[in-house]
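Listed below are the residues making up each chain.
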Amino acid sequence: MSTILISEFITSQALETLRSKHNVIYEPDLYKDRLALIAAMQNIDGLIVRNLTQVNEEILLTAPNLRVVGRLGVGLENIELPACAKRNIKVIPATGANAESVAEYVVGAAVALTRGFIPATISTLKGEWPRPRFSSYHEFLGQTLGIVGFGSIGRVVAKKAHAFGLHCVAYDPMLSEDSIALDGFSVSLLQLNELLSKSNAVSLHLPYLPETKNLFNATTLDQMKEGACLINTARGGIVDELALAERLRSGRIGGAAIDVFSTEPAKDLNHFAGIENLILTPHIAGVTQESNERVSQMIADEVNRYLGV
């Protein structure tokens, strides 16, 4: 019987799936205590984490029997992939399991930003009645959504946006096609600068890599269509937060929904203070009760399969 260590939250059903086949050590707050985590790694065959457990060389050196790391999510920035590969440790992300939740967040945020729901709420709470001001905002129907990164999540976003009557375009440096056919419609693949100049809202779905670090900097943000909105549910380091805040204040960018930050948990966001058409959330786009169940069960099943049960 193999031993699996789970250092962050997993759903009860997935936990029982694992316990039915393996010896499971479940300590969902273990990631907070580095020394305790190192001690717990000694005799494990599998490790399951979310995004807060740092699976690096130091940790791997203490786990000579480790064969598989299951990631309860899709980003792998907290896992040193070369160090795992060197030891023949399989890394399994929950690819696609939270796509529906992320796509709902993106489309919902795009509607809220386009219609000005957030500044309207702020004004109404102040006792104002700024109805004429908000009559100048636009319908969501017929707008263009630019999707930067057109993998599994980006494609689900396109399907939901299309159902709302949006025209979708995409940029993905890994794809060479001119367009991608989805369910009854197609999405044109453009160069990034062309996408930015045409899109009323831009949604980011890129991994955090050296090539994407601060990809959305002052220069890139200034290529966006005047008054367009930016939605980032990917990784915080992709966007220069200070440059974005400046353009939100000036009105150069019309609004933003930011779910991920360069430092998490985010403690100092004073650069966004006083900006009205802005949604800030604590990395929740892909986190719902339903997606937690799908992600947890997918990883439980895949880890079980890899360990040979």
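Residues numbered from 1 in each chain as written. Predicted model: local features only at pLDDT ≥ 70, side-chain atom pairs only at ≥ 80, totals over all residues. Heavy atoms only, no water.

### Some thoughts on the environment of Phe 185
Then, number 1: Residue placement: Phe 185 occurs in the loop between strand E8 (179–181) and strand E9 (186–189).
Then, number 2: With relative accessibility at 13%, the residue Phe 185 sits in the buried group.
Then, number 3: Residues Phe 185 and Ser 203 lie 18 residues apart in sequence; the distance between their C-alpha atoms is 19 Å.
Then, number 4: Leaving out residues up to four positions away in the same chain, Phe 185 has contacts with Ala 158, Lys 159, His 162 and Ile 180. (Helix = DSSP H or I, 4+ residues; strand = E, 2+ residues; numbered from the N terminus. Buried < 20%, exposed > 50% of the residue type's maximum accessible area, 1.4 Å probe, protein only. Contact = heavy atoms within 4.5 Å.)

### Section: the sheet that holds strand E2 (residues 23–26)
Then, number 1: Spatial strand order, E2-E1-E3-E4-E5: five strands in an open sheet with parallel pairing. If you trace the sheet from one side to the other, it starts and ends with E2 and strand E5 (90–93), each paired once. Strand-to-strand, the axes of this sheet are offset by a mean angle of 15°, without reference to chain direction.
Then, number 2: In this structure, strand E1 (residues 3–6) lies alongside strand E3 (residues 46–49), joined through three bridges in parallel fashion. The residue of E3 that forms the bridge with Ile 6 is Ile 48.
Then, number 3: Relative to the sheet, helix H12 (residues 289–306) contacts E1, E3, strand E4 (68–71) and E5, its axis offset from that of E5 by approximately 155°. (Pairing = 2+ DSSP bridges. Axes fitted to C-alpha atoms, helices over the stretch in contact; angles between N-to-C directions.)

### Regarding the pairing of E2
Then, number 1: Bridging between E1 and E2 involves four bridges; their strand directions are parallel. When the sheet's bridge partners are listed, Leu 5 is paired in E2 with Ile 25.
Then, number 2: In this fold, the crossover linking E1 to E2 by way of helix H1 (residues 12–19) has right-handed handedness. (Right-handed = clockwise from strand over helix to strand, strands pointing away.)

### A few points about the pairing of strand E12 (residues 255–258)
Then, number 1: Neither face of E12 is exposed, since Gly 255 and Ala 257 on one face and Ala 256 and Ile 258 on the opposite face are all buried.
Then, number 2: Two strands pair when backbone bridges link them, and strand E11 (residues 229–232) and E12 are joined in this way by four bridges, in the parallel orientation. Bridging from a neighbouring strand, Ile 231 pairs with Ala 257 of E12.
Then, number 3: In terms of strand pairing, E12 meets strand E13 (residues 278–280) through three bridges, oriented parallel. Looking at E13, one finds that Ala 257 is bridged to Ile 279.

### Re the nonpolar core
Then, number 1: Grouped together as the largest cluster of nonpolar side chains are 34 residues, with contacts concentrated most on Leu 145, Ile 147, Phe 150, Ala 158, Val 187 and Ile 231.
Then, number 2: Sorting the residues of this core by element identifies helix H5 (99–115), strand E6 (144–148), helix H8 (152–163), strand E7 (167–171), E9 and E11 as the ones contributing at least two each.
Then, number 3: With eleven residues, the top contributor of residues to this core is H5.
Then, number 4: Core analysis: the next-biggest nonpolar cluster, separate from the first, contains 29 residues, Ala 234, Ile 238, Ile 258 and Leu 278 among them. (Core = buried A, V, L, I, M, F, W, Y, C linked by side-chain atoms within 4.5 Å.)

### Remarks on the packing of H1 against H12
Then, number 1: At a closest axis distance of 8 Å, the pairing of H1 and H12 adopts a crossing angle of 10°. Considering the angle they form, H1 stands roughly parallel to H12. Seen from H1, the contacting residues are Gln 13, Ala 14, Thr 17 and Leu 18; seen from H12, they are Glu 293, Ser 296, Gln 297, Ala 300, Asp 301, Val 303 and Asn 304.
Then, number 2: Counted by class, the contact of H1 with H12 contains four nonpolar, five polar and two charged residues. (Parallel < 35°, antiparallel > 145°, perpendicular 65-115°, else oblique. Nonpolar A, V, L, I, M, F, W, Y, C, P; charged D, E, K, R; others polar.)

### Notes on the environment of Leu 195
Then, number 1: Here Leu 195 is to be found in helix H9 (residues 192–198).
Then, number 2: Here Leu 195 falls in the buried class, since its relative accessible area comes to 0%.
Then, number 3: When near neighbours in sequence (up to four residues on either side) are disregarded, Leu 195 contacts Gly 146, Ile 147, Val 148, Val 169, Ala 170, Tyr 171, Leu 190 and Val 202.

### Thoughts on the pattern of salt bridges
Oppositely charged side chains can form a pair if their charged atoms are brought close together.
Then, number 1: Enumeration according to the criterion identifies 14 salt bridges in this entry.
Then, number 2: A salt bridge links Asp 222 to Arg 247, with the shortest nitrogen-to-oxygen separation between them at 2.7 Å. Linking Asp 222 in the loop between helix H10 (218–221) and E11 with Arg 247 in helix H11 (residues 241–250), this pair joins segments that are 25 residues apart in sequence.
Then, number 3: Classification of Asp 222 as partly exposed rests on a relative accessible area of 38%.
Then, number 4: On the basis of relative accessibility, which here comes to 12%, the residue Arg 247 falls in the buried class. (Salt bridge = Lys/Arg side-chain N within 4 Å of Asp/Glu carboxyl O.)

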